[in-house]
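Structural overview
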Amino acid sequence: MRPSGRDLNQMRAVSIETGFTKHAEGSCLIKMGDTHVLCTATIEDRVPPFIKGSGLGWVTAEYGMLPRATNTRMRREAASGKQGGRTVEIQRLIGRALRAGVDRVALGERQITVDCDVIQADGGTRCASITGGWVALRLAVNKLMKAGDVISDPLVDPVAAVSCGIYAGQPVLDLDYPEDSEAGVDGNFIMTGSGKLIEVQMSAEGSVFSRAQMDQLMDLAEKGVGELAAMQKAATA
């Protein structure tokens, strides 16, 4: 029934390659099917002005897509002089999702910026960015702890995300682009590794949905995030 031939509750093939870049304090290339995202984490001994002197750390994110990440070339946002609304919305989502798993007191007064660059897009780029972004963040924090710059682990819970939706009348897990573009209902579920919700983005794209269908999608999301959290743990062990 699914274009890919996957079962309704089956994720795409997922891989996480850590240490993908030389210079970043933490980095990985995450592949969720044909969606590939490079995630890097940079540590800086400064924080935004609004929390300077508070003793709190900060985690933020930036997101972008390469011009040929999709089937037709997109103009670089730098060429137009500003970011698009979708880009701004996604990078704010990534930042607040990752901060939900961070003890900012334990992090200390420093900032970690997670950059998520989409090399190839086939649906679910924001979910892959959050999942890979946490891996890059974990690796960067490991370096802080190894150096003795951080005493207690500021990462209290892994953070991962997965898409779920209603495709051809059936609830499905981890939509690729052919499903995403035709789904009657589309949703992104951001959760902690312990199963707590951080954010849910749900919308009726072509048909409304019931409470029962929402519960089915939640069950699929819990399954998917559980699998992703296990992969994150294995990648950063």
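Residues numbered from 1 in each chain as written. Predicted model: local features only at pLDDT ≥ 70, side-chain atom pairs only at ≥ 80, totals over all residues. Heavy atoms only, no water.

1. Description of the side chain of Thr125
Cut-off, in case you're wondering: Every helix listed is a DSSP run of H or I at least four residues long, and every strand listed is a run of E at least two residues long, numbered separately from the N terminus. Pairs of N or O atoms within 3.5 Å make up the polar contacts considered here, provided that, within protein, one atom can donate a hydrogen while the other can accept it, and that residues adjacent in sequence are counted only when both atoms are side-chain atoms.
Structurally, Thr125 is set in helix α4 (residues 125-147). Here the side chain of Thr125 touches Tyr63 through a polar contact of 2.8 Å, side chain to side chain.

2. Comments concerning the nonpolar core
A general feature of soluble globular proteins is that nonpolar side chains tend to end up buried together. We apply this condition: Within this scheme, the nonpolar core is defined by two criteria: the residues are buried Ala, Val, Leu, Ile, Met, Phe, Trp, Tyr or Cys, and they are joined through side-chain atoms within 4.5 Å. Burial classes follow relative accessibility: with a 1.4 Å probe on protein chains only, a residue under 20% of its type's maximum area counts as buried, one over 50% as exposed, and anything between as partly exposed. Between two residues, a contact is recorded if the distance between any of their heavy atoms is within 4.5 Å.
In terms of nonpolar packing, the biggest core is built from 56 residues, with Ile94, Ile112, Ile130, Leu137, Val162 and Cys164 touching the most fellow members. When residues of this core are assigned to their parent elements, the largest contribution, 11 residues, is made by α4. When residues no more than four places from it in sequence are discounted, the contact partners of Ile130 are Leu93, Ile94, Ala97, Leu98, Val159, Ala160, Ala161 and Ile190.

3. Structural notes on the UniProt feature "binding site: phosphate" (unreviewed entry) in the protein chain
Rule in force here: UniProt positions are given in the numbering used here, feature names are shortened, and annotations may be inferred rather than shown by experiment.
The sites that UniProt annotates as "binding site: phosphate" (unreviewed entry) are Arg86, Gly124, Thr125 and Arg126. In terms of the greatest pairwise C-alpha distance, the residues named above, spread along 41 residues, form a tight cluster of at most 13.5 Å across. Secondary-structure assignment places Arg86 in helix α2 (residues 85-99). Among the secondary structure elements, Gly124 is positioned in the loop between β5 (111-120) and α4. For Gly124, the contacting residues outside a window of four places in its chain are Arg12, Thr35 and Leu175.

4. Re the UniProt feature "domain: Exoribonuclease phosphorolytic" (unreviewed entry) in the protein chain
The feature "domain: Exoribonuclease phosphorolytic" (unreviewed entry), as given by UniProt, occupies residues 10-140 and 157-224 in the numbering adopted here. Taken as a whole, residues 10-140 contains 30% helix and 31% strand, while its terminal C-alpha atoms sit 31 Å from one another. Note that residues 157-224 is 26% helix and 43% strand, and that its end C-alpha atoms are spaced 16 Å apart.

5. Side note on the pairing of strand β3 (residues 35-44)
Applicable threshold: For two strands to be treated as a pair, DSSP must find no fewer than two bridges joining them.
A large share of β3 lies buried, amounting to 8 of its 10 residues. Bridge count between strand β2 (residues 26-32) and β3: 7 bridges; the pairing is antiparallel. Across the sheet, the residue bridging to Ile30 is Val37, located in β3. The antiparallel hairpin formed by β2 and β3 contains 2 residues in its connecting segment, where Gly33 sits at a positive phi of about 65 degrees. Taken together, the 9 bridges between β3 and β5 define a ladder with antiparallel strand orientation. Bridge pairing links Ile43 to Ile112 in β5.

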